[in-house]
Amino acid sequence: MTGHDELALLLDHSVLKPEATAGDIAAGAVTVREGRIGFYCVQPWWVKRAVAELAGSPARVVTVVGFPHGCERSEVKALATALAVADGAAEIDMVLNLGALKSGESVPVGADIAAVVKAAGAAPVKVILETAALTDAEKRLACRLAVEAGAAFVKTSTGFHPAGGASVDDVRLLRTLVGPRLGVKASGGIRNLADTRAMLAAGANRIGTSASAAILAALTASP
């Protein structure tokens with residue numbers, strides 16, 4: 001059974017709502033510090049602030065690129081990535097270009113991912129697939145392109161798409177598709193300990209959630 005510290009290190013605590021304030025970013029950093037959480041995911045505007053709030057902590061700041069729709073030009077995504085890394089982001093979660101993927105344009109979609117990977121340098125890149133909006137064939141293609149472009153993770157969802165967030169079936173499929181080569185981040189609608197455990201059992205090795213404190217509290221309280 002996963003203990004508190006072990007689980008906390010697998011969490012990306014997320015504060016991504018567009019209306020999040022400086023106070024919300026500071027409060028999220030407190031949650032990360034107190035929970036000994038591994039990662040803190042914020043919008044690009046707040047990367048410098050999050051890094052400052054977590055000074056002296058081993059937690060790593062993560063940010064999003066092309067969020068939440070993925071439709072920016074590759075040059076824009078690459079520039080946003082480079083700026084975020086310069087601001088102190090340790091990992092990048094980029095949104096796949098869904099429309100291009102669904103159009104069967106595999107070469108430009110792969111190039112889009114590769115541009116972000118190149119701009120990120122040593123910072124690992126997670127590719128957000130928005131699985132609830134994709135067919136299984138599209139998920140297979142997206143995973144292949146992520147692997148070929150040098151991404152470090154595939155990620156289920158932004159958590160902002162009306163089609164829905166993470167599902168156990170999708171996490172299991174992504175793990176099957178990428179094997180041990182890439183990480184799998186489950187994100188979108190994960191708000192309790194039971195869901196977290198189910199995603200980990202299905203093959204996720206990172207959990208994106210805004211409910212980190214509640215999840216860890218439930219773990220502490222569980223027999």
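The following refers to the structure shown. Not measured: the values here are computed from a predicted model.

1. Thoughts on the overall build of the protein
Item 1. Scanning the protein for helices and strands turns up ten helices and eight strands.
Item 2. What you see for the protein is a C-alpha radius of gyration of 16 Å, in line with the 17 Å of a compact globule of 223 residues.
Item 3. Overall, the C-alpha framework of the protein stretches about 45 × 35 × 30 Å when taken along its three principal axes.
Item 4. For the protein, the proportion of its 223 residues judged to be buried stands at 50%.
Item 5. Looking at the protein alone, contacts between residues at least 24 apart form 69% of all its contacts between residues at least 6 apart.
Item 6. Summed over all atoms, the accessible surface of the protein reaches about 9600 Å², with 58% contributed by carbon and sulfur.
Item 7. Across the protein, the 22 positively charged side chains and the 21 negatively charged ones have centroids separated by 3 Å.

2. Structural notes on the packing of helix α6 (residues 106–120) against helix α7 (residues 136–149)
Helix-helix packing: each pair is described by the crossing angle between the helix axes and the interaxial distance.
Item 1. Close contact between α6 and α7 brings their axes to 9 Å; oriented N to C, the two are set at 45°. By the criterion of interaxial angle, the relationship of α6 to α7 is oblique. As for how α6 packs across α7, the hand of that crossing is right-handed. Mapping the contact onto sequence places S106, V109, G110, I113, A114 and V117 in α6 and L141, L145, A146 and A149 in α7.

3. Considerations on the sheet that holds strand β4 (residues 91–95)
Item 1. Strand order in the closed barrel made by the eight strands is β1-β2-β3-β4-β5-β6-β7-β8, with parallel pairing throughout. Taking the axes of each pair of neighbouring strands and ignoring which way they run, one obtains an average angle of 25° across the sheet.
Item 2. Where strand β5 (residues 125–128) lies against strand β6 (residues 153–155), three bridges are found, and the strand directions are parallel. Across the sheet, the residue bridging to V127 is V154, located in β6.
Item 3. Lying over the sheet, helix α8 (residues 168–178) contacts β6 and β7 (183–187), oriented at roughly 165° with respect to β7.

The rules behind these values
Residues numbered from 1 in each chain as written. Predicted model: local features only at pLDDT ≥ 70, side-chain atom pairs only at ≥ 80, totals over all residues. Heavy atoms only, no water. Helix = DSSP H or I, 4+ residues; strand = E, 2+ residues; numbered from the N terminus. Rg over C-alpha atoms; globule rule 2.2 N^0.38 Å. Buried < 20%, exposed > 50% of the residue type's maximum accessible area, 1.4 Å probe, protein only. Contact = heavy atoms within 4.5 Å. Areas by Shrake-Rupley, 256 points an atom, 1.4 Å probe, with all protein chains shown as cover. Lys, Arg positive; Asp, Glu negative; His and termini not counted. Charge placed at Lys NZ, Arg CZ, Asp CG, Glu CD. Axes fitted to C-alpha atoms, helices over the stretch in contact; angles between N-to-C directions. Parallel < 35°, antiparallel > 145°, perpendicular 65-115°, else oblique. Left-handed = near helix turned anticlockwise from the far one by under 90°. Pairing = 2+ DSSP bridges.

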